[in-house]
Amino acid sequence: MLSFKEIKPKIMYYGTPTLLLNTLNEDGTTNISPMSSSWALGDCIVLGIGLGGKAIENLERHKECVINLPSPNLWENVEKISSYSGKKVIPSYKQEIGFTYKKDKYESSGLTPLESKTVFPTRIEECPIQIEALVKNIRIPEYNPLFAIVETQVLHFHAEDNIIQNENYIDPSKWSPLIYNFRHYFELGKEVGKTFRSET
């Protein structure tokens, strides 16, 4: 029989895709924020964004964004900007854990901007999936005022040619997200099966 013990982990990133959220700065440049809290249902993608950073500040002012999904080979590019903030005045609690100011995240990450179809923030060329989206609602939970729940609606879904199957599907055998697993980066392993609703 298996044995279990109740624990109190400091973080609960139990294995979710990493994303790079692009938002619009006041001067029209693009800020890039590494994140790992999101889920999708239909054409809605919900983001969990910590307060005190540039991403939420930008989204409250300008309701457009690009959700870029990096592949596992880009983990070092993501990590290069994980300790940078786009805010000149960084909250003390973020300073204490090592955040510093950096405006040009493209230069620091080694990634390349790509013009979006209809939104102002740029896409990231190296990311195999780039999703242009519009912010529909921002809510700060009364039970935890440290983060915002941001609801977005997808406007355009861009995918690299070699991961597309049957015109409008992503081939799961060719696409692997970068997984953030208790603050470690992982890639997917071998396929073990598929749900009855799979159309590929």
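The paragraphs below set out a description of the structure included in this document. (Residues numbered from 1 in each chain as written. Predicted model: local features only at pLDDT ≥ 70, side-chain atom pairs only at ≥ 80, totals over all residues. Heavy atoms only, no water.)

## Regarding the sheet that holds strand E12 (residues 147–159)
Where we set the bar: Criterion used throughout: strands pair if DSSP finds at least two bridges between them. A run of DSSP states H or I qualifies as a helix once it reaches four residues; a run of E qualifies as a strand once it reaches two. Both are numbered from the N-terminal end. Axes here mean lines fitted to C-alpha atoms, for a helix over just the part in contact, with angles spanning 0 to 180 degrees between N-to-C directions. Contact between two residues is taken to exist if any of their heavy atoms lie within 4.5 Å; hydrogens are not considered.
Overall, antiparallel pairing links the 7 strands, which are arranged E3-E2-E6-E11-E12-E5-E4 in an open sheet. The open sheet terminates on both sides in strands that have one partner only, identified here as strand E3 (30–35) and strand E4 (38–41). Going across the sheet, the axis of each strand differs from the next one's by a mean of 30°, ignoring polarity. Of the strand pairs in this sheet, strand E5 (residues 44–50) and E12 are connected by 7 bridges, and their pairing is antiparallel. Note that in E12 the partner of Cys-44 across the bridge is Gln-153. Packed onto the sheet, helix H1 (residues 54–61) meets strand E2 (19–24), E3, E5, strand E6 (64–69), strand E11 (129–139) and E12 and runs at close to 45° relative to E2.

## A few points about the side chain of Lys-94
As a reminder, the rule being used: Buried means the residue's accessible area, taken with a 1.4 Å probe over protein chains only, is under 20% of the maximum for its type, while exposed means over 50%, and partly exposed covers the values in between. Positive charges are assigned to Lys and Arg, negative charges to Asp and Glu, while His and the chain termini are left out of the count. Salt bridges, as used here, are contacts in which a Lys or Arg side-chain nitrogen is within 4 Å of a carboxyl oxygen on Asp or Glu.
Locating Lys-94 in the fold gives a position in helix H3 (residues 92–96). In this structure Lys-94 is buried but unpaired, with Glu-57 as the nearest side chain of opposite charge at 10 Å. If sequence neighbours within four positions are ignored, Lys-94 has contacts with Gly-52, Gly-53 and Phe-99.

## Overview of the sheet that holds strand E15 (residues 179–181)
The sheet built from 3 strands is open, its strands ordered E1-E15-E16 with antiparallel pairing. Every interior strand has two partners, whereas the edge strands, strand E1 (14–17) and strand E16 (184–186), have only one. This sheet shows a mean twist of 30° between the axes of neighbouring strands, independent of strand direction. One ladder, built from 3 bridges, connects E15 with E16; its direction is antiparallel. Each residue of the ladder has a partner; that of Tyr-180, found in E16, is Tyr-185.

## Description of the nonpolar core
What counts, and what does not: We call a set of buried Ala, Val, Leu, Ile, Met, Phe, Trp, Tyr and Cys residues a nonpolar core when their side-chain atoms join them within 4.5 Å.
Core analysis: the largest hydrophobic core is formed by 20 residues, its most contacted members being Leu-21, Leu-47, Ile-49, Ile-67 and Val-150. For this core, the elements supplying multiple residues, two or more each, are E2, E5, H1, E6, E11 and E12. When residues in this core are grouped by element, the largest group, 4 residues, is from E11. The residues contacting Val-150, other than those within four sequence positions of it, are Ile-45, Val-46, Leu-47, Ile-49, Ile-56, Leu-59, Val-135, Asn-137 and Ile-138. Among the nonpolar cores identified, the runner-up in size contains 10 residues, and Leu-74, Ile-81, Tyr-106 and Leu-178 belong to it.

## With respect to the packing of aromatic side chains
Put simply, the rule is: In this scheme Phe, Tyr and Trp rings, the latter by its six-membered ring, pair at centre separations within 6.5 Å, and the angle between planes marks the pair as stacked below 30 degrees, edge-to-face above 60, and tilted otherwise. We count a charge as sitting over a ring when the NZ of a lysine or the CZ of an arginine lies within 6 Å of the ring centre and within 35 degrees of the ring normal.
Under the criterion given, the structure shown has 3 aromatic pairs. Ring centres 5.6 Å apart and planes at 50° place the aromatic pair Tyr-180 and Tyr-185 in the tilted group. Here the aromatic cluster, defined as three or more aromatic residues joined through ring pairs, consists of Tyr-13, Trp-75, Tyr-180 and Tyr-185. Looking at Lys-94, its charged tip hangs above the ring of Phe-99, at a distance of 4.6 Å from the centre. The residue whose ring lies beneath Lys-102 is Tyr-84, and the NZ or CZ to ring-centre distance is 5.3 Å.

## Here's the deal with unusual backbone geometry
Backbone geometry places Asn-166, a non-glycine residue, at a positive phi of 50°. If you trace the backbone, Asn-166 turns up in the loop between strand E13 (164–165) and strand E14 (169–170). In this structure Asn-166 comes out as exposed when scored by relative accessible area, which is 55%. For Phe-182, which is not glycine, the phi torsion reads 50° and is therefore positive. Topologically, Phe-182 is positioned in the loop between E15 and E16.

## Here's the deal with a nonpolar patch on the surface
Spelled out, the test is: A patch is a set of surface residues, each over 30% in relative accessible area and not in a salt bridge, joined within 9 Å for like charges and within 5 Å for the nonpolar side chains Val, Leu, Ile, Met, Phe, Trp and Tyr. Working definition of accessibility: Shrake-Rupley area with a 1.4 Å probe, residue cover restricted to the visible protein chains.
Residues Met-12, Tyr-14 and Phe-182 make up a contiguous nonpolar surface patch of roughly 400 Å² in combined accessible area. Secondary-structure assignment places Met-12 in the segment before E1.

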